[in-house]
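Observations on chain architecture
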Amino acid sequence: MEGNGAHRAVETSKTIEVNGTTYEREVETRRLLVHLIRDDLDLTGTHVGCDTGNCGACSVILNGTLVKSCMLLAVQADGASIETVEGLAEEEQLSSLQQAFSDHHALQCGYCTPGMLMSATALLRENSSPSDEEISKAIQGNICRCTGYWNIVKAIRAASGQEVTE
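Parameters and conventions
- Residues numbered from 1 in each chain as written.
- Predicted model: local features only at pLDDT ≥ 70, side-chain atom pairs only at ≥ 80, totals over all residues.
- Heavy atoms only, no water.
- Buried < 20%, exposed > 50% of the residue type's maximum accessible area, 1.4 Å probe, protein only.
- Helix = DSSP H or I, 4+ residues; strand = E, 2+ residues; numbered from the N terminus.
- Pairing = 2+ DSSP bridges.
- Axes fitted to C-alpha atoms, helices over the stretch in contact; angles between N-to-C directions.
- Contact = heavy atoms within 4.5 Å.
- Core = buried A, V, L, I, M, F, W, Y, C linked by side-chain atoms within 4.5 Å.
- Salt bridge = Lys/Arg side-chain N within 4 Å of Asp/Glu carboxyl O.
- Parallel < 35°, antiparallel > 145°, perpendicular 65-115°, else oblique.
- Left-handed = near helix turned anticlockwise from the far one by under 90°.
- Arc of directions from axis to C-beta.
- Polar contact = N/O pair within 3.5 Å; in protein donor to acceptor, adjacent residues only side chain to side chain.

This part is about the pairing of strand β3 (residues 59-62). Side chains Ser59 and Ile61 of β3 all project onto a buried face; the interleaved residues Val60 and Leu62 project onto the opposite face, where all are buried too. Hairpin geometry of β3 and strand β4 (residues 65-68) is characterised by an intervening segment of two residues between the two adjacent antiparallel strands and by a positive phi of about 50 degrees at Asn63.

Consider a sheet: its strands pair through backbone hydrogen bonds, and that pairing is either parallel or antiparallel. The sheet built from five strands is open, its strands ordered β2-β1-β5-β3-β4 with mixed pairing. Of all strands in the sheet, those bounded by a partner on one side alone are β2 (21-28) and β4. Going from strand to strand, the sheet's axes swing by 40 degrees on average, the running direction of each strand aside. Inspection of the sheet shows β3 paired to β4 by four bridges, in the antiparallel sense. Its bridge partner lying in β4, Ser59 is registered against Lys68. Across the sheet, helix α3 (residues 113-126) touches β3, β4 and β5 (81-83), and the angle it forms with β3 is around 40 degrees.

Counting residues in hydrophobic clusters, the biggest one holds 22 residues, and the most contacted among them are Leu97, Phe101, Met116, Leu117, Ile139, Ile152 and Ile156. By residue number, the principal contributor to this core is α3, which donates seven residues. Setting aside its immediate chain neighbours within four residues, Leu117 contacts Val85, Leu88, Leu97, Gln98 and Phe101. One finds Ile16, Val27, Leu33 and Leu43 within the second-largest nonpolar core, a separate group that totals 17 residues.

What the rule picks out here adds up to six salt bridges. A salt bridge links Glu28 to Arg30, with the nearest nitrogen and oxygen atoms 2.9 Å apart. Glu28 gets classed as partly exposed once you look at its relative accessible area, which sits at 25%. Residues Asp132 and Arg157 are paired through a salt bridge, measuring 3.3 Å at the closest nitrogen-oxygen approach.

The packing of two helices is summarised by the inter-axis angle and the distance between the axes. For the pair α3 and helix α5 (residues 150-159), the least separation of the axes is 11 Å and the interaxial angle reads 40 degrees. Between α3 and α5, the interaxial angle falls into the category oblique. In the crossing of α3 with α5, the sense of the turn from one axis to the other is right-handed. Between α3, through Met116, Ala120, Leu123 and Leu124, and α5, the contact on the second element is made entirely by Ile152, Ile156 and Ala159.

The next point concerns helix α2 (residues 96-103). Three or more residues of α2 are buried, namely Leu97, Gln98, Ala100 and Phe101. An end-on view of α2 places all buried positions within 160 degrees of arc, on one side of the element. Summarising the contacts, the buried residues of α2 are in contact with α3 and α5. Downstream of α2 by a residue or two, His105 has a phi angle that is positive, lying close to 55 degrees.

When you line up the elements, Ser59 lands in strand β3. Ser59 sits in the buried class, given a relative accessible area of 3%. In terms of polar contacts, Ser59 uses its side chain to reach the backbone carbonyl oxygen of Gly56, at 2.9 Å. Setting aside residues up to four positions removed in sequence, Ser59 forms contacts with Leu66, Val67, Lys68, Gly115, Met118, Ser119 and Asn142.

So, about the environment of Val10. As for its position among the elements, Val10 is in the segment before β1 (11-18). In sequence terms Val10 and Val27 are 17 residues apart; their C-alpha atoms lie 8.1 Å from each other. The residues contacting Val10, other than those within four sequence positions of it, are Val27, Glu28 and Thr29.

Have a look at this one:
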């Protein structure tokens with residue numbers, strides 16, 4: 001214990017794979033995964049929105065499961081494989097999902113977009129041809145204050161290869 005009564009944070013070495021690259025870092029046991037991704041690995045596409053798990057801006061895929069990285073400690077990801085929005089592009093080209101978001105005007109300010117893209121990626125891996133209702137359910141954990149969601153649903157339908165009516 002230090003003189004001012006504060007406890008010193010414990011650091012431990014952790015290894016994670018992010019977008020195919022393995023990193024080993026000393027991590028404070030209380031550090032959130034979102035801060036490890038953004039601040040330590042400089043992958044700033046994952047956004048910090050609410051820090052309470054409500055907005056979805058920090059959504060990433062951890063070992064194949066969509067998670068909100070503000071709700072996990074970085075130490076919980078030790079040995080895990082993580083995908084962030086930076087990993088969606090294919091050889092510096094937008095993925096079909098990213099292109100569909102652009103084509104269907106599914107973003108405005110862009111703050112929610114990385115989380116929406118990760119939620120949609122997880123959905124399309126599980127269900128390659130989702131209904132509008134299934135799409136809406138899949139993105140319900142992501143808050144968008146700009147678009148009204150209609151164009152986001154259209155973009156996800158388009159990325160799945162389904163017909164989109166304007």
